[in-house]
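# Descriptive analysis of the structure
The chain contents come next:
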Amino acid sequence: MDGAKMDQSQNLPCSFVIFGATGDLAAHKLLPALFDLEHAGRLADNLSIIAFSRREWTTDDWLEYVRSILKNKLDQPSCQALLERFLARFRYLRGDLKDVDSYHALAADIAPGSACSRTVFYLAIRPADFVTAIKNLKVAGLNEPRGMNRVVIEKPFGEDLESAQVLNRVLHQYFDEEQIYRIDHFLGKETVQNLLVFRFANTIIEPLWNRNFIDHVQITVAESIGIEKRAGYYDRAGALRDMLQNHLMQLLTVVAMEPPPALEADALRDEKVKVLRSIRPIAKRAVHAHAVRAQYTHGNIDRQPVVSYQQEENVEPDSITETFAAAKFYIDNWRWRGVPFYLRTGKRMPRRHSMIAIRFKHPPQQLFRETPLESIDPNWVLLSIQPEESMHMEIHVKQPGLDMNTRVIQMNASFLRTDEQTLGAYETLLLDVIEGDRSLFIRFDEAEWAWRVIDPILKFWTVEREYIPTYPAGSWGPAEANRLFDSDDQVWRNEL
Ligand code: BG6
């Protein structure tokens, strides 16, 4: 092993603790992602994984559980050996997040003082338990040595501006910023990273990427799933906190940021913060014009009937939590002044589809008189994030024939060749945590500024508790969302 490699491996953690190991996040995202990293040969031989949870389980019970979670990934005989290697990394530790003794037991289990004691603590727990867990880690001395152990915090980081600031103060009391990984898994998605390449590696794009050419930007994250078994969290959070404040705002920053001086953590995050700081604050009296919320009623998705939000398990029957949120923002800087950014997200929409749609301005002169005005659609650039990862550009060409008519064609570019597979967002980000790269994680000022932008909407909606518009499950949201548009020729773009 050469010197540099040895140094790097000494920096790698050898324990990875999952708090909330039996929860949804671990089952749906973390365990499959860790297994994929095993598959890719990216987990160091000495990495052990400690599953921490309240269930009265033994390590054998836990291993059975992991097998069941991964069963659809084990399609080839060779996977069995891989699975055994993966399972051999685990220990199960029964513990209570609120009980200090559990953390002492964890500390004893990790055995500090051995050749490698660097540990990652992944808080895959309810946001309401973050502060308790952080304080108890400190009591058991697990925040030490400073700069070594890492703590990963899921979004939403706080419930509003104030609670985010409190959470951050507690974190900083016991952990240095270099130890803190605030995760927003959308930043790990391949298309989102591709957007950086698309913008900053192609000189033909950048000159057009501003208020002189762009009419408006739409960012849609539509999901067909409902809230699954997450009512306890979701009914308190709602779509604005769950998705818009973090995932959609992050997408907005990546679309709107200036080129950073270098592609490294702080340079990137400085540019994103500048965007958030430039967003025009929404005055209380303007919230209605800038934001729309709604909740799904019953309907059909893929021809299957689904119940309304209020009938979901463990949701209050009179809940007015929003499952759809849309908002309009202006970025008051030289590049973007006057260009509206429309963001929307919702559960129980017709299908899972996330897309950034950029509409360009009309040409300054109407040359093609034979083409009816209404069919001169402006150019669009569409970046699909999921389920497919692709880019589409809509341009006009001449229709064959004697007349000078135009029609729109799409130039389609898939980001993947047929023989390629992307890594999932969590694979990318977990590897970054393990390797200590914080570029794709949220610095506190990003979270803080995103809360500043969202807070007026949040406050307004918290007071207005009488009524919430609805939309049928399986639709693209409430008609009210159309009122955000600045002009009549702007409409939500649902399809590629
Ligand atoms: C999570 C939200 O952060 O993102 C969920 O809490 C949402 O409500 C999920 O379903 C969507 O992520 P993905 O990667 O499955 O599109």
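Attention in this report is confined to the structure presented alongside it. (Residues numbered from 1 in each chain as written. Predicted model: local features only at pLDDT ≥ 70, side-chain atom pairs only at ≥ 80, totals over all residues. Heavy atoms only, no water.)

Moving on to the nonpolar core. Counting residues in each nonpolar core, the largest one holds 153 residues, and the members touching the most others are Phe19 and Phe329. Mapping this core onto the domain boundaries places at least three of its residues in each of domain 1 (3–154) and domain 2 (187–423 + 443–484). Among residues more than four places away in sequence, those in contact with phenylalanine 329 are Leu244, Met249, Leu252, Ile279, Ile282, Val339, Pro340, Phe341, Leu343, Val453, Ile454 and Ile457. (Core = buried A, V, L, I, M, F, W, Y, C linked by side-chain atoms within 4.5 Å. Buried < 20%, exposed > 50% of the residue type's maximum accessible area, 1.4 Å probe, protein only. Domains from an automatic or database assignment. Contact = heavy atoms within 4.5 Å.)

Taken together, the 6 strands give an open sheet; going across it, the order is 3-2-1-4-5-6, and neighbouring strands pair in parallel fashion. Each edge of the open sheet carries a strand with a single partner, namely strand 3 (90–94) and strand 6 (180–182). Adjacent strand axes in the sheet meet at a mean angle of 20 degrees, parallel and antiparallel pairs treated alike. Pairing analysis gives 4 bridges linking strand 4 (residues 119–123) to strand 5 (residues 150–153), with the strands arranged parallel. In the strand pairing of strand 5, leucine 123 is matched with isoleucine 153. (Pairing = 2+ DSSP bridges. Helix = DSSP H or I, 4+ residues; strand = E, 2+ residues; numbered from the N terminus. Axes fitted to C-alpha atoms, helices over the stretch in contact; angles between N-to-C directions.)

Our focus in this paragraph is the pairing of strand 12 (residues 340–346). Where burial is concerned, most of strand 12 is hidden: 7 out of the 7 residues are buried. Across 6 bridges, the pairing between strand 7 (residues 214–222) and strand 12 is parallel. Bridge assignment links valine 217 to a residue of strand 12, and that residue is phenylalanine 341. Bridging between strand 11 (residues 324–330) and strand 12 involves 7 bridges; their strand directions are antiparallel. When the bridges of strand 12 are listed, phenylalanine 324 appears paired with glycine 346.

What follows concerns the site of the ligand. Taken together, 14 residues sit near the ligand, with Lys189, Glu223, Asp242, Lys347 and Gln386 positioned nearest. In this structure, lysine 189 approaches the ligand through a side-chain N or O atom, which is 2.6 Å from an oxygen atom. Looking at which element gives the most residues to the shell around the ligand, the answer is helix 9 (residues 231–256), with 3 residues. Residues that form the shell around the ligand fall into these classes: 3 nonpolar, 3 polar and 8 charged. (Near = heavy atom within 4 Å. Polar contact = N/O pair within 3.5 Å; in protein donor to acceptor, adjacent residues only side chain to side chain. Nonpolar A, V, L, I, M, F, W, Y, C, P; charged D, E, K, R; others polar.)

Across its 12 residues, helix 3 (residues 59–70) extends 16 Å between first and last C-alpha, which sits within 8% of the 16 Å expected from 1.5 Å per residue. Of all the positions in helix 3, only Trp62, Leu63, Tyr65, Val66, Ile69 and Leu70 are classed as buried. Considered in projection along helix 3, the buried side chains sweep an arc of 160 degrees and stay on one side of the axis. Against helix 2 (24–39), strand 2 (48–53), helix 4 (78–87) and strand 3 lie the buried residues of helix 3. (Expected span 1.5 Å × (residues − 1). Arc of directions from axis to C-beta.)

Read these as layout, nothing more, since geometry by itself doesn't imply function.
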